[in-house]
Amino acid sequence: MQGSAIVGRREVCRECPASASGRRPPPPTVAEPLSRRQALRQQAETLLGEESAPSPERGEALLPEDTQRMLHELRVHQIELEMQNEELRQAQVVLDTARARYFDLYDLAPVGYCTLSEAGLILQSNLTAAALLGLPRGALEGQAISRFIHKADQDIYYLHRKQVFETGDSRVCELRMVRADGTPFWAHLASAVGQEPDGTAVLRVVLSDVSERKLAEAERARFAQLLQDKNAELDRARLLAETANRAKSEFVSRMSHELRTPLGAILGFAQLVDTGSPTPTPAQKRSIDQILKAGWYLLGLVNEILDLALIESGQLVLAMEPISLPDLLAECKDLVETQAAQKAISLSLDRVEIPSLVQADRNRLKEVIINLLSNAIKYNTDGGMVAVDCRLSLADAIRISVRDSGAGLSPEQMAKLFQPFNRLGQETGAEQGTGIGLVVCKRLVECMGGCIGVDSTVGKGTTFWIELKTSNEARSPASMRASVPPGEAAPGGEHSRTLLCVEDNAANLLLIEEITARRPDIRLLSARNGRDGIAMARGARPDVILMDISLPDISGIQALQVLAEDPATAHIPVIALSAHAIPSDVRLGLEAGFFRYLTKPIRVHEFLATLDVALDFAKSATGRGDSEGNGCE
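### What to know about the nonpolar core
In terms of nonpolar packing, the biggest core is built from 42 residues, with L365, L373, I400 and I466 touching the most fellow members. Counting residues per element, this core draws most heavily on helix 11 (residues 362–378), which supplies 7 residues. Setting aside its immediate chain neighbours within four residues, L373 contacts C332, K333, V336, L347, V386, V388 and V402. Counting 22 residues, the second largest nonpolar core, distinct from the first, contains L116, A129, L132 and L133.

Structure follows, in structure tokens:
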């Protein structure tokens with residue numbers, strides 16, 4: 001029986017399609033909500049039914065009913081076990097693949113992984129952690145992690161571990177670690193609590209080397225500190241420079257005032273004697289001319305030194321605006337014609353046919369061109385010539401050239417041009433000079449955004465040129481007003497024109513008295529300080545006020561503000577007459593509200609022309625006031 005059963009079973013197995021092909025039956029798929037065991041049972045029943053189908057060849061070998069039932073059960077169980085084995089095998093393959101992938105990711109991860117016991121012993125690590133700590137992975141197991149932590153940072157680690165175990169939350173920290181060979185490095189630790197299969201709590205640690213980032217942060221912090229120190233040093237240097245500049249500015253202003261005050265008296269009285277009545281004798285005339293020549297020369301020297309000091313201190317303020325070259329050049333030509341006539345030098349000015357507006361400071365450009373013209377005349381031969389021409393040098397620049405027929409300059413002399421106080425061997429010559437005029441010209445032209453140069457040939461003459469940017473803007477009203485010459489002096493004979501002079505210097509006051517004595521139409525009043533001047537202006541209501549800036553009690557600007565706030569005196573034009581002559585002082589004075597700002601020493605004819613303009617303004621203002629008053633009545 002048993003042998004037959006076994007033979008029958010083997011025959012069935014040989015006839016089974018799965019057995020014949022050598023393949024195991026595929027794992028069952030549960031499509032309905034049955035238990036796993038029921039599904040396997042059902043599939044086994046199906047397969048056994050296929051194997052037990054009756055055939056003519058096997059009809060005579062059928063066993064009794066109970067034997068058949070037993071064989072049926074055995075075969076079902078056998079098939080069921082085979083199917084389970086196949087499922088287990090495939091699951092094992094998937095599990096092995098997943099485990100291999102996991103260990104590949106774990107071992108080859110770019111960060112270190114460690115499993116630590118509650119006591120801080122390394123239970124497991126990946127290859128990256130072993131490389132970071134400098135030991136083989138097997139040698140790390142059982143080692144205390146604290147062995148690899150810098151002594152100074154041990155407390156950081158223990159506190160970190162304690163907080164993770166107490167709170168159960170993941171935490172991070174950064175500390176210094178030491179490899180097995182003693183090499184230090186910065187590490188970033190991210191830790192979380194884990195649990196082993198037996199329920200033991202462990203610490204899962206992710207370990208990263210952040211040495212490069214720490215080095216970059218330290219370098220950045222060093223540079224930040226260095227920058228902060230440099231900024232503090234620059235601030236200190238700036239404060240020192242500002243203090244020095246203020247001191248220099250005050251010194252320049254004070255020196256200007258102290259030098260111009262005596263010069264004002266010298267040149268002023270010399271002009272009065274020169275133009276006085278009776279006319280000076282020829283000998284007196286020669287002496288007066290020498291006084292005036294030396295005085296104006298000294299004034300020019302003072303101006304050049306003060307200009308150079310302002311430029312070098314960075315305190316020069318320019319009023320850049322569109323300037324008409326034809327007007328400016330004609331004005332400069334008029335100012336040097338007398339000097340040219342003394343040496344019989346012909347002075348020509350070519351007609352300007354190109355776009356003739358340049359962007360510059362009018363007064364400073366005028367100063368530069370007059371200096372170049374004066375040098376061309378001074379160092380020229382008697383009966384020579386000086387020519388001025390303009391042409392486009394670039395699409396947006398105009399070159400102004402001053403050409404003379406003098407002795408010319410050698411290459412050695414040209415190399416020393418624009419050096420302060422270097423007169424190029426002319427120190428023993430007949431012509432006076434300081435050697436700083438060209439230096440000031442160069443600095444002024446550069447401050448206006450231009451350039452200056454020279455071309456010269458020995459024996460043929462020299463050409464100095466400057467280039468300035470052209471301007472497409474329209475001329476400003478202020479520029480057009482500046483080019484209009486002062487009005488002619490008003491005819492005498494009109495009495496009751498009152499002039500109040502507020503001046504504390506006796507010599508300057510005497511000079512004003514002498515000048516106005518030649519004008520019978522003007523009655524002069526005087527005050528020696530600001531407060532007395534204010535009181536006299538309120539009482540006498542003068543037509544025009546001359547105001548010194550440096551007064552013993554209050555400044556001239558403060559006195560002007562008081563007069564401007566009083567309706568009784570607000571309409572009176574106030575002319576500043578001061579030895580504070582640097583451009584910033586003049587600008588502040590005009591911004592404060594002075595009608596005009598005259599600097600000492602004065603040129604008598606310019607002073608009288610300005611005084612007439614102010615008197616005419618006062619007369620027209622009074623006429624308007626009377627008309628308005630009559631209209632109200």
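### Examining empty space enclosed by the protein
To find leftover empty space, one rolls a probe the size of a water molecule over the atoms. Applying the stated rule across the entire model yields 3 cavities of 30 Å³ or more. Considered as a void within the structure, the largest cavity measures approximately 80 Å³ in volume. The wall of the largest cavity is formed by C114, L116, I145, Y157, M177, L189, S191, L203, V205 and L207. Taken together, the elements giving at least two residues each to the lining of the largest cavity come down to strand 1 (112–116), strand 4 (184–195) and strand 5 (201–209). Residue composition of the lining of the largest cavity, grouped by class: 9 nonpolar, 1 polar and no charged. Taken as a whole, the second largest cavity holds about 70 Å³ of empty space. Residue lining of the second largest cavity: G264, E503, N508, L511, I512, L577, K600, P601 and I602, and that is the complete set. With 3 residues, the single largest contributor to the lining of the second largest cavity is helix 15 (residues 506–517). Tallied by class, residues from the lining of the second largest cavity come to 5 nonpolar, 2 polar and 2 charged.

### With respect to the sheet that holds strand 16 (residues 574–578)
Strand order in this open sheet of 5 strands is 14-13-15-16-17, and the pairing throughout is parallel. Each edge of the open sheet carries a strand with a single partner, namely strand 14 (522–527) and strand 17 (596–599). Ignoring strand direction, the axes of neighbouring strands in this sheet form an average angle of 20°. Bridge count between strand 15 (residues 544–547) and strand 16: 3 bridges; the pairing is parallel.

### Here's the deal with the sheet that holds strand 9 (residues 385–394)
Sheets are built from strands paired through backbone hydrogen bonds, the pairs being either parallel or antiparallel. Across the sheet, 5 strands lie side by side as 7-9-10-12-11; this open sheet has mixed pairing. With one partner strand each, in any of the chains shown, strand 7 (346–349) and strand 11 (451–457) form the two edges of the open sheet. With strand direction ignored, the average angle separating the axes of adjacent strands in the sheet is 20°. Inspection of the sheet shows strand 9 paired to strand 10 (residues 397–404) by 8 bridges, in the antiparallel sense. Paired with L394 across the strands is A397, a residue of strand 10. Helix 10 (residues 325–342) rests against strand 7, strand 9 and strand 10 of the sheet, and its axis sits at about 175° to strand 7.

About the cut-offs
- Residues numbered from 1 in each chain as written.
- Predicted model: local features only at pLDDT ≥ 70, side-chain atom pairs only at ≥ 80, totals over all residues.
- Heavy atoms only, no water.
- Core = buried A, V, L, I, M, F, W, Y, C linked by side-chain atoms within 4.5 Å.
- Buried < 20%, exposed > 50% of the residue type's maximum accessible area, 1.4 Å probe, protein only.
- Helix = DSSP H or I, 4+ residues; strand = E, 2+ residues; numbered from the N terminus.
- Contact = heavy atoms within 4.5 Å.
- 1 Å grid on protein atoms, 1.4 Å probe; cavity = no way out; pocket = protein on both sides within 12 Å on 5 of 7 lines; lining within 4 Å.
- Points joined across faces, edges and corners; volume = space filled by probe spheres on them.
- Nonpolar A, V, L, I, M, F, W, Y, C, P; charged D, E, K, R; others polar.
- Pairing = 2+ DSSP bridges.
- Axes fitted to C-alpha atoms, helices over the stretch in contact; angles between N-to-C directions.

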